[in-house]
Amino acid sequence: MRVIIEPDYDRMSLWAARYIARKLKEHSRSGESRPFVLGLPTGSSPIGTYKELIRLNKAGFISFRNVVTFNMDEYVGLPEEHEQSYHTFMRENFFSHVDIPAENTNMLDGNAADVEKECRRYEEKIASYGGIDLFLGGIGADGHIAFNEPFSSLSSHTRCKTLTYDTKVMNSRFFDGNIAAVPSTALTVGIKTITDAREVMILVNGHSKSRALQHTIEGGVSQMWTGSALQLHPRAIIVCDEAACDELKVGTYRYFKDIERGNLEPMSI
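The following paragraphs examine the structure supplied in this document. (Residues numbered from 1 in each chain as written. Predicted model: local features only at pLDDT ≥ 70, side-chain atom pairs only at ≥ 80, totals over all residues. Heavy atoms only, no water.)

**Observations concerning the pattern of salt bridges**
Keep this limit in mind: Salt bridge criterion: a side-chain nitrogen from Lys or Arg within 4 Å of a carboxyl oxygen from Asp or Glu. Runs of E in the DSSP output that reach at least two residues are strands. Runs of H or I that reach at least four are helices, and both are numbered from the N terminus. Throughout, exposure labels follow a simple rule: accessible area from a 1.4 Å probe, protein chains only, divided by the maximum for the residue type, with under 20% read as buried, over 50% as exposed, and the rest as partly exposed.
Considering all chains together, one arrives at 14 salt bridges under this definition. In this structure, D133 engages R198 in a salt bridge whose closest nitrogen and oxygen atoms are separated by 3.2 Å. Of this pair, D133 sits in the loop between α4 (115-128) and β6 (134-138) while R198 sits in the loop between α6 (191-195) and β9 (199-204), and the two are 65 residues apart along the sequence. A relative accessible area of 10% means that D133 is categorised as buried. Two residues, D196 and K192, come together in a salt bridge whose shortest N-O distance is 2.7 Å. Taking relative accessible area as the criterion, D196 reaches 45% and is therefore assigned partly exposed. Look at K192 and you get partly exposed, because its relative accessible area is 31%. The structure contains a network of salt bridges with shared partners spanning R18, E52 and R55.

**Describing unusual backbone geometry**
When glycine is set aside, most residues are seen to have a negative phi, and most peptide bonds are trans. Positive phi, close to 55°, is recorded for A146, a residue that is not glycine. Inspection of the secondary structure puts A146 in the loop between β6 and β7 (159-162). In this model, D176 sits at a positive phi of 55°, which is unusual for a non-glycine residue. Assignment of secondary structure puts D176 in the loop between α5 (165-171) and β8 (185-188). According to the relative accessible area criterion, D176 is exposed, its value standing at 76%.

**Regarding the layout of surface pockets**
What counts, and what does not: Space inside and on the surface of the protein is sampled on a 1 Å grid over the protein atoms alone, with a cavity defined as a set of points where a 1.4 Å probe fits but cannot get out and a pocket as an open set with protein on both sides within 12 Å along at least 5 of 7 lines; lining residues have an atom within 4 Å of a point. Grid points are joined across faces, edges and corners, and a volume is the space filled by probe spheres set on the points. By the convention adopted, Pro, Cys, Tyr, Trp, Phe, Met, Ile, Leu, Val and Ala count as nonpolar, Lys, Arg, Asp and Glu as charged, and the other residues, Gly among them, as polar.
Here the largest pocket is characterised by a volume of approximately 640 Å³. Every residue lining the largest pocket is counted, 35 residues in all, and those nearest its centre are T42, G43, S44, N171 and R173. If you list the elements that add at least two residues to the lining of the largest pocket, you get β4 (73-75), α3 (86-93) and α5. Looking at which element gives the most residues to the lining of the largest pocket, the answer is α3, with five residues. By residue class, the composition of the lining of the largest pocket is 14 nonpolar, 14 polar and seven charged.

Below you can see the structure in the form of structure tokens.
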């Protein structure tokens, strides 16, 4: 596992975006006709990364024309056009600003008549592209990734999950503070869906995520902290800011700062 510690959210976002951009450039230069398959999250953590990717796209440095995306999750029962649906989030914060073909974007249908069938369809479509090259994600204060709440199976695939009260409280800030307005269930990729990706990059920012980061890095692999499954992935990267490191042991912090000291930035713009 690599742990990249940046001074603040802006630098963390810049590092993550430029790493992704480098991967897209390498793929395009390879001449491979197969699209680059990118897993994407919603929420506040990736917004800065999306802004930098948009800038790089508009500057002509990268293109998303040969990129296929799969989003992590979607609320059940929330209309796609609802301002807090993840369809709306992705359209407003990323898809409408870059040159990705609409048919290359994939999102779970939270209004499907048969949600189990929808989840199977999603897994099958991921497999049809040969899997995900890089899965970008965030982490919750309780250590969850996507909507894989504490005690979710680490071998899980895409399915319907009941959201915990803590998650609904955290997400109520997007619903004018009204917990009752937050859907109680969501469709989500599983932990195994995420860790089957060739690379996984998780963004962790702010003091509120510091306990989750500590358990993810220093604790044992546990269903209680589903992010800890990243310890078993051969190419996992955590990109965090200084505030998120508040609960790490001094030795752990110094170790990751030291081993990354000689590594260059993903790219210079």
